[in-house]
Amino acid sequence: MGPRWRDCPPDYRPYTTIYNRFNRWAKRGYWQAIFEALGRCGKDGVTLSIDSTSIKAHRSASGRKGGA
C-alpha cells in the first residue's frame, strides 16, 4: 500500500503538491519513460528491480534470546 501522502518530509509540504505532481507525471507518461530509461541501463540478460520496500524486523530477529 505504501506511506500516506501526509507522511512526506516537511520539505515537500503541502502534501497535496507532491500528490498532484505524482498524478500529473503519471498522466503524462513520465513515470513510464523514467522506468523504461532505467531498464535500458542494465546489461543484456540482467534483471533490474526498482523497489522502495522497507521491512521492519523485531529486535529479537537477529539471534536467540540472550544471545549475540
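Summarised in this report is the structure supplied together with it. (Residues numbered from 1 in each chain as written. Predicted model: local features only at pLDDT ≥ 70, side-chain atom pairs only at ≥ 80, totals over all residues. Heavy atoms only, no water.)

What to know about the packing of aromatic side chains
Heads up, the condition is: Stacked, edge-to-face and tilted labels apply to pairs of Phe, Tyr and Trp rings (six-membered ring for Trp) whose centres lie within 6.5 Å, assigned for plane angles under 30 degrees, over 60, and everything in between, in that order. Relative accessibility under 20% of the residue-type maximum defines a buried residue, over 50% an exposed one, and the middle range a partly exposed one, all with a 1.4 Å probe and only protein chains included.
One pass over the structure, following the stated rule, counts 4 aromatic pairs. Between Phe22 and Trp31, the aromatic rings sit 5.5 Å apart at their centres with planes inclined by 40 degrees, giving tilted as the arrangement. Exposure remark for Phe22: the relative accessible area of 37% places this residue in the partly exposed category. With relative accessibility at 26%, the residue Trp31 sits in the partly exposed group. Aromatic side chains Trp25 and Tyr30 sit 5.9 Å apart centroid to centroid with 70 degrees between the ring planes, which places their arrangement in the edge-to-face category. Since its relative accessible area comes to 38%, Tyr30 is described here as partly exposed. Ring pairs connect the aromatic residues Phe22, Trp25, Tyr30, Trp31 and Phe35, which therefore count as one cluster.

Description of the pattern of salt bridges
Definition in use: Salt-bridge detection follows one rule: a side-chain nitrogen of Lys or Arg within 4 Å of a carboxyl oxygen of Asp or Glu.
Tallied over the full model, the rule gives 1 salt bridge. Here Asp7 makes a salt bridge to Arg4, at a shortest N to O gap of 3.2 Å. Take Asp7: its relative accessible area is 47%, and that puts it in the partly exposed class.

Some points on a nonpolar patch on the surface
Going by this rule: Patches were defined on residues exceeding 30% relative accessible area and lacking a salt bridge, with like-charge contacts within 9 Å and nonpolar side-chain contacts (Val, Leu, Ile, Met, Phe, Trp, Tyr) within 5 Å. Using a 1.4 Å probe, accessible areas were evaluated by the Shrake-Rupley method; residue-level cover was limited to the displayed protein chains. Helical segments are the DSSP runs of H or I of at least four residues, strand segments are the runs of E of at least two, and each set is numbered from the N terminus.
Taken together, the side chains of Tyr30, Ile34, Phe35 and Leu38 make up a nonpolar region of the molecular surface, amounting to roughly 350 Å² of accessible area. Along the polypeptide, Phe35 turns up in helix α2 (residues 30–40).

Some details on the packing of helix α1 (residues 15–28) against α2
Cut-off, in case you're wondering: Every angle, taken between N-to-C directions, lies between 0 and 180 degrees, and every axis is a line fitted to C-alpha atoms, over only the stretch in contact when it is a helix. We call two directions roughly parallel when the angle between them is under 35 degrees, roughly antiparallel when it is over 145, roughly perpendicular when it lies between 65 and 115, and oblique otherwise. Should any heavy atoms of two residues lie within 4.5 Å, those residues are considered in contact. Polarity classes work like this: nonpolar for Ala, Val, Leu, Ile, Met, Phe, Trp, Tyr, Cys and Pro, charged for Asp, Glu, Lys and Arg, and polar for all others, with Gly in that last group.
Interaxial distance between α1 and α2 falls to 5 Å at its minimum, and their mutual angle equals 75 degrees. By the angle between their axes, α1 is roughly perpendicular relative to α2. Taking contact as the criterion, the partners of Phe22, Trp25, Ala26 and Arg28 in α1 are, on α2, Tyr30, Trp31 and Ile34. Tallied by class, residues from the contact of α1 with α2 come to 6 nonpolar, no polar and 1 charged.

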